[in-house]
Amino acid sequence: MKIFLTILLFHITYCCIAQTPILGRITDQKGHALPGVSIYIKGTYDGTSSDAGGNFNVQTDASGSQILNVQAVGFKSQEIAMDLKGQPLTVDIILSEAINQLNAVTISAGAMEAGDEKKSVVLKPLDIVTTSGAMGNITAALLTLPGTSTVGNDGRLFVRGGDASETAIFIDGLQVGNAFGSTTSNVPTRARFSPNLFKGSFFSTGGYSAEYGQALSSALALNTLDLPLRNQGDVSVMSLGGGYTQTLVKNDHAITASANYYNLAPYQSLVKQNFDWEKAPSSWDSEVSLRQKWGNAVTGKAGFIKAYFHTEGSRMAIWQKLPGIDGRGDRVKLNNHYNYGNVSFRHSGNKGWLFYGGAALSDNRDAIQFNADDIKQVNRIFHSKIVAVRDFSSQFSMKNGLEYYAKSYAETLLDQSQTRQFADNLFNHFIEATYYFSNRLIMVGGLRSGHSSLAKQTWLTPRFSVAYKLNNHGQFSFAAGKFKQLAEEKLRIFQTDLKNSAATHYILNYFIVNNNRTFRAEAFYKNYEKLVTYNGLPSAPKNVALNGSGYARGVDFFLRDKQTIKDTDFWITYSFVDSKRKFAAYETKVQPTFAPKHNGSVVVKHFVTAMKSLVGTSWSWNSGYTFNDPNLPGEMQRKTKAYSDLSFSISYLPKPNVILHVACSNVLGRQNVYGYQYAAQPDEEGSYAGKPVGQGAKRFLFAGLFITLSKDKKANQLNNL
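Residues numbered from 1 in each chain as written. Predicted model: local features only at pLDDT ≥ 70, side-chain atom pairs only at ≥ 80, totals over all residues. Heavy atoms only, no water.

### Thoughts on the overall build of the protein chain
In terms of regular secondary structure, the protein chain is built from five helices and 40 strands. When the backbone C-alpha atoms are referred to their principal axes, the protein chain occupies close to 135 × 60 × 45 Å. Split into buried and exposed, the 721 residues of the protein chain put 49% on the buried side. Considering only contacts within the protein chain whose residues lie at least 6 apart along the sequence, 60% involve residues at least 24 apart. Per element, the accessible surface of the protein chain, about 33,900 Å² overall, is 58% carbon and sulfur. Side chains of the protein chain give 74 positive and 55 negative charges; the mean places of these two sets differ by 3 Å. (Helix = DSSP H or I, 4+ residues; strand = E, 2+ residues; numbered from the N terminus. Buried < 20%, exposed > 50% of the residue type's maximum accessible area, 1.4 Å probe, protein only. Contact = heavy atoms within 4.5 Å. Areas by Shrake-Rupley, 256 points an atom, 1.4 Å probe, with all protein chains shown as cover. Lys, Arg positive; Asp, Glu negative; His and termini not counted. Charge placed at Lys NZ, Arg CZ, Asp CG, Glu CD.)

### Looking at the sheet that holds strand β5 (residues 64–71)
Taken in spatial order, the four strands make up an open sheet running β3-β2-β5-β6, and their pairing is antiparallel. The open sheet has two edge strands with one neighbour each: β3 (47–49) and β6 (78–84). Recorded for the sheet is a direction-independent mean angle of 20° between the axes of neighbouring strands. Pairing of β5 with β6 involves seven bridges; the strand directions are antiparallel. Considered in β6, the bridge of Leu68 is made with Ile80. (Pairing = 2+ DSSP bridges. Axes fitted to C-alpha atoms, helices over the stretch in contact; angles between N-to-C directions.)

### Digging into the packing of aromatic side chains
A complete count under the given rule lists 24 aromatic pairs for this structure. Arranged with centres 6.5 Å apart and planes meeting at 50°, the rings of Phe396 and Tyr435 form a pair that is tilted. Of this pair, Phe396 sits in strand β23 (residues 396–413) while Tyr435 sits in strand β24 (residues 419–436), and the two are 39 residues apart along the sequence. On the accessibility criterion, Tyr435 (33% relative accessible area) is partly exposed. Following the ring pairs from residue to residue traces out a cluster consisting of Trp353, Phe355, Phe392, Phe396, Tyr435 and Phe437. Looking at Arg346, its charged tip hangs above the ring of Tyr356, at a distance of 5.0 Å from the centre. The ring of Phe583 is capped by Arg581, whose NZ or CZ atom sits 5.3 Å from the centre of that ring. (Phe/Tyr/Trp six-rings, centres within 6.5 Å; stacked < 30°, edge-to-face > 60°. Lys NZ or Arg CZ within 6 Å of the ring centre and 35° of its normal.)

### A word on the pairing of strand β11 (residues 167–171)
Summarising burial for β11: five of the five residues are buried, a large majority. With burial as the criterion, each face of β11 is covered, one bearing Thr167, Ile169 and Ile171 and the other bearing Ala168 and Phe170. Looking at chain direction, β11 and strand β14 (residues 218–224) are connected through five bridges and run parallel. Along β14, the bridge assignment pairs Ala168 with Ala219. The pairing of β11 with strand β12 (residues 174–175) spans two bridges and is classified as antiparallel. Looking at the pairing, Ile171 lines up with Leu174 of β12. Between β11 and the antiparallel strand that follows it, β12, lie two residues; Asp172 among them carries a positive phi value of about 50°.

### Overview of the sheet that holds strand β7 (residues 89–95)
Reading across from one edge, β4-β1-β7 is the order of the three strands in this open sheet, with mixed pairing throughout. Each edge of the sheet is formed by a strand with only one pairing partner; in this case those strands are β4 (55–60) and β7. Strand-to-strand, the axes of this sheet are offset by a mean angle of 25°, without reference to chain direction. Relative to β4, strand β1 (residues 20–28) runs antiparallel, the two sharing six bridges. Bridging from a neighbouring strand, Leu23 pairs with Asn57 of β4.

### Remarks on the pattern of salt bridges
Evaluated as defined, the whole model comprises 25 salt bridges. Salt-bridge contacts for Glu211 lead to Lys385; the nearest nitrogen and oxygen are separated by 2.8 Å. Linking Glu211 in the loop between β13 (198–204) and β14 with Lys385 in strand β22 (residues 373–391), this pair joins segments that are 174 residues apart in sequence. Comparing Glu211 with Lys385, the two get one shared label, buried. Counted as one network, the salt bridges with shared partners bring together Arg160, Arg520, Glu522 and Asp556. (Salt bridge = Lys/Arg side-chain N within 4 Å of Asp/Glu carboxyl O.)

### A few points about a nonpolar patch on the surface
Judged by side-chain polarity, Tyr435, Phe437, Met443, Phe464, Phe476, Phe478, Tyr506, Leu508 and Tyr525 come together as a nonpolar surface patch covering roughly 780 Å² of accessible area. For the nonpolar patch, the secondary-structure elements that each account for two or more residues are β27 (475–485) and β28 (501–514). With respect to the helices and strands, Tyr525 occurs in strand β29 (residues 517–535). (Patch = residues over 30% accessible without salt bridge, like charges linked within 9 Å, V, L, I, M, F, W, Y side chains within 5 Å.)

### Some words on unusual backbone geometry
One non-glycine residue, Asn371, lies in the positive phi region at around 55°. Within the secondary structure, Asn371 sits in the loop between β21 (353–370) and β22. A relative accessible area of 35% means that Asn371 is categorised as partly exposed. Positive phi values are uncommon outside glycine, yet Asn516 reaches one of about 65°. Mapped onto the elements of the fold, Asn516 is located in the loop between β28 and β29.

### Concerning the environment of Asn622
Among the structural elements, Asn622 can be located in strand β33 (residues 613–622). Residue classification places Asn622 among the buried positions, given a relative accessible area of 0%. Filtering out sequence-adjacent residues up to four positions away, Asn622 remains in contact with Thr150, Pro596, His598, Asn599, Ala642 and Tyr643. Among the polar contacts listed, one links the side chain of Asn622 to the side chain of Tyr625, at a separation of 3.0 Å. (Polar contact = N/O pair within 3.5 Å; in protein donor to acceptor, adjacent residues only side chain to side chain.)

### Let's talk about the pairing of strand β40 (residues 700–709)
Here six bridges tie strand β15 (residues 232–238) to β40, and the two strands are oriented antiparallel to one another. The residue of β40 that forms the bridge with Met238 is Gly704. Bridge count between strand β37 (residues 658–665) and β40: eight bridges; the pairing is antiparallel. Looking across to β40, one finds that Ala663 is bridged to Phe702.

### A word on the nonpolar core
Among the nonpolar cores identified, the biggest contains 26 residues, and Phe193 and Tyr340 are the most heavily contacted of them. Sorting the residues of this core by element identifies α3 (138–142), β11, β13, β14 and β20 (330–348) as the ones contributing at least two each. Setting aside residues up to four positions removed in sequence, Tyr340 forms contacts with Ile171, Leu174, Gln175, Val176, Phe193, Tyr308, Phe309, His310, Ala360, Leu361 and Ser362. The next biggest cluster of nonpolar side chains, apart from the first, holds 25 residues, and it includes Ala164, Ala479, Ala552 and Val590. (Core = buried A, V, L, I, M, F, W, Y, C linked by side-chain atoms within 4.5 Å.)

### Concerning the confidence of the model for the protein chain
Looking at the protein chain, the pLDDT average stands at 87 and 91% of residues meet or exceed 70. In the model, residues 1–17 has pLDDT below 50 throughout and makes one contact with residues more than four positions away in sequence or in other chains. (pLDDT = per-residue confidence, 0-100.)

### Considerations on the environment of Lys333
For Lys333, the location among the structural elements is in strand β20. The contact partners of Lys333, leaving out residues within four places of it in the chain, are Met316, Ala317, Ala367, Ile368 and Gln369.

Written as structure tokens, this is what we have:
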């Protein structure tokens, strides 16, 4: 018995002597104590948690080389190597904040993003389709966002005092040439592509990534759908035409094919038009979209490849009355044929690498008959890109990309008396780094370089963004950068060695999303250098040069609320733009006609569950368009009355797979005027005759029936959005 007690006493004494105490304190990078941190010896049950003061005391029997593991929610885990010899150890530990991509601050200066749940979802494809007045047109819906201006006699995208040519449009990261349909003077156009193709969009009103170039004012990036939900056929019967789309899905690949035909002649025979049409606009289009997904669960490699091909044709003939001249005026006949195709891919490689890129080709051909002259214009753009991205840590990532453009343009009188053409090769490289200092502070820096073989110019454009997130009170962002762009092809053809125009952006942004409410306020300043100037008319410019300059400055606000009113989603937008520029044929800095000082919109959508309907209305307004009156001294001396358009729409589901959509623009029948056209020569009294440039009709009414055919009788075309 004595021997047993002696052995037991010896063992207890040994254990007490052999235990090693590890003491210390745990703090964050600012020195604040961290309670509740888990501390333990790896591979053992020896451990503890830090107290309210961040202090801890671990007692362990382990000896020799060991690993002390430290873990806390919201912070990076640490593993500390230790050599335990029975002597007390003291270690103070500082934990770094872990970067959580779901909660971390994001750059929002200049950006309006859709389809990315981690950021502000501003406009999804369904928003675009159901926005009253947009009539399914992507850019028309974007005109209800801050920073944009409605230019009703054009129809393209005008952003913060910039011309429509200053906005670049991309599909799956690849640039689209001639993204809007061809048209004649003062007849509005629309985007060529259906919003149903896309799962989301990134619309930047300035300060955008180094990945996007050749755009002075704005970048619109559209991302196509990945894999559709099911096999289905979609039938569209509309007041303007009809179409059919078939989608086939199997495992990890899918194909979608569609064909559409539109003809405005029947509609215009019923609704009086202010335009003198000889042949009303008609068009057809067809497209094929292929998608293939691959992956390897063992290696972690995964990828996606998409191919998209679009072809269309359109024609119209119109008499355009000239001010001060009797008769029908100029006869313009236009036939257009357009092809666009791209192949894009994304691939997750080893060691955290992500690769994406592809190639795209745009080919636009216009055959124009202007009175007795026959003109053929061919514009072609090829774009290829490869990008590599890697997250080197949870805090630091880098993007590196190469691009190549081949651009060509030719203009020929069909009697061969005059031919003009040029071809240019552009090479670009961009690099961009993102660093998270914490979940609250992020910084992005980028550099884009380029070279034009025709202009014989090489350039560098730095870009920078920083954002700071407040405690549950939104975030602030600041962006600045240099942006360059070569002149439009129709001007460059007269002076092919023209170099870049330039713009410098400065943007300060406040942004908050809370309880289904989004608010954004932004102030901006843009400085323009080397804008294109010329003498004479845009169709026959002389002395084309880069002698222009200007600025655009202002503020805009955006509020979207899905919470306050039951079953109602609405947004309110206001923009103030002060823009002046010396450009085109102007001899002084003027406020351009496409940049009204005040712009606003209100969009309301109400879901009537009992009626299975979505009722929508939108109101767009601006303070009027400047125009030049040659009867007065100076330039751009006058302004039209304020523009206003109140639109209405309703979508009704008589059956789950059937949608009836009816929409009417400008329901009040307001006679909006976008400017005035004046005679080239004065009359006998020395006055220049003028006529207003207005709408094609007081209102536009659209009705459509959309039927989905599938095994799931409840599926409809909204499932694709």
